[in-house]
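Read off the chains here:
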Amino acid sequence: MKKIELYTKSHCPYCRRAKDLLHIKKAIFVEYDVTNDPAKEQEMRERSGRMTVPEIFIDESLVGGCDDLYALEQQGILDGMLRD
């Protein structure tokens, strides 16, 4: 099974959109809400090199944010990335 991780904030509409797409794809993911967790947010920044949420990883590889996830869907690549 692919390991999918999302770093999110509770009031982020882009985080909601990314999670909605993954739910539609029936993907199982681990969500790290960094809203009130500075240590986890720092971990996200170190892993991604980015400051914004969401940050999405599949099998330890950075996918990027919400727009990146939807771009993969539009290109027909996402399904293959989510499969074992």
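Our subject is the structure that appears above.
Residues numbered from 1 in each chain as written. Predicted model: local features only at pLDDT ≥ 70, side-chain atom pairs only at ≥ 80, totals over all residues. Heavy atoms only, no water.

Caption draft 1: Examining the pairing of strand β1 (residues 4–8) more closely. A large share of β1 lies buried, amounting to five of its five residues. Every second residue of β1 is oriented toward a common face, with I4, L6 and T8 on one face and E5 and Y7 on the other, all of them buried. Two strands pair when backbone bridges link them, and β1 and strand β3 (residues 55–58) are joined in this way by four bridges, in the antiparallel orientation. Bridge pairing links I4 to I58 in β3. One ladder, built from four bridges, connects β1 with strand β2 (residues 30–33); its direction is parallel. Among the inter-strand pairings, T8 is bridged to a residue of β2, identified as D33. Viewed along the sheet, the connection from β1 through helix α1 (residues 13–24) into β2 turns out right-handed. (Buried < 20%, exposed > 50% of the residue type's maximum accessible area, 1.4 Å probe, protein only. Helix = DSSP H or I, 4+ residues; strand = E, 2+ residues; numbered from the N terminus. Pairing = 2+ DSSP bridges. Right-handed = clockwise from strand over helix to strand, strands pointing away.)

Caption draft 2: Quick peek at the sheet that holds β3. Taken in spatial order, the four strands of this open sheet run β2-β1-β3-β4, and their pairing is mixed. On the outer flanks of this sheet lie β2 and β4 (61–64), each paired with one strand and no other. Each adjacent strand pair in this sheet contributes to an overall mean axis angle of 25°, direction not counted. Across the sheet, helix α2 (residues 38–48) lies against β1, β2, β3 and β4, angled at about 120° from β1, the strand it touches most. (Axes fitted to C-alpha atoms, helices over the stretch in contact; angles between N-to-C directions. Contact = heavy atoms within 4.5 Å.)

Caption draft 3: Up close: the side chain of S48. The topology assignment puts S48 in helix α2. A polar side-chain atom of S48 sits 3.0 Å from the main-chain amide nitrogen of R50. Not counting the four nearest positions on each side in its chain, S48 is found in contact with E55, F57 and L62. (Polar contact = N/O pair within 3.5 Å; in protein donor to acceptor, adjacent residues only side chain to side chain.)

Caption draft 4: Layout of the pattern of salt bridges. For the structure shown, the criterion picks out 14 salt bridges. In this structure, K3 engages E60 in a salt bridge whose closest nitrogen and oxygen atoms are separated by 3.5 Å. Of the two residues, K3 is situated in the segment before β1 and E60 in the loop between β3 and β4; the sequence distance between them amounts to 57 residues. Judged by relative accessible area, which is 39%, K3 ranks as partly exposed. For E60, a relative accessible area of 48% puts it in the partly exposed group. We note a salt bridge from R47 to E60, for which the minimum N-O separation is 3.2 Å. Of the two residues, R47 sits in helix α2 while E60 sits in the loop between β3 and β4, which places them 13 residues apart along the sequence. Via salt bridges that share partners, K3, E5, R47 and E60 belong to a single interconnected network. (Salt bridge = Lys/Arg side-chain N within 4 Å of Asp/Glu carboxyl O.)

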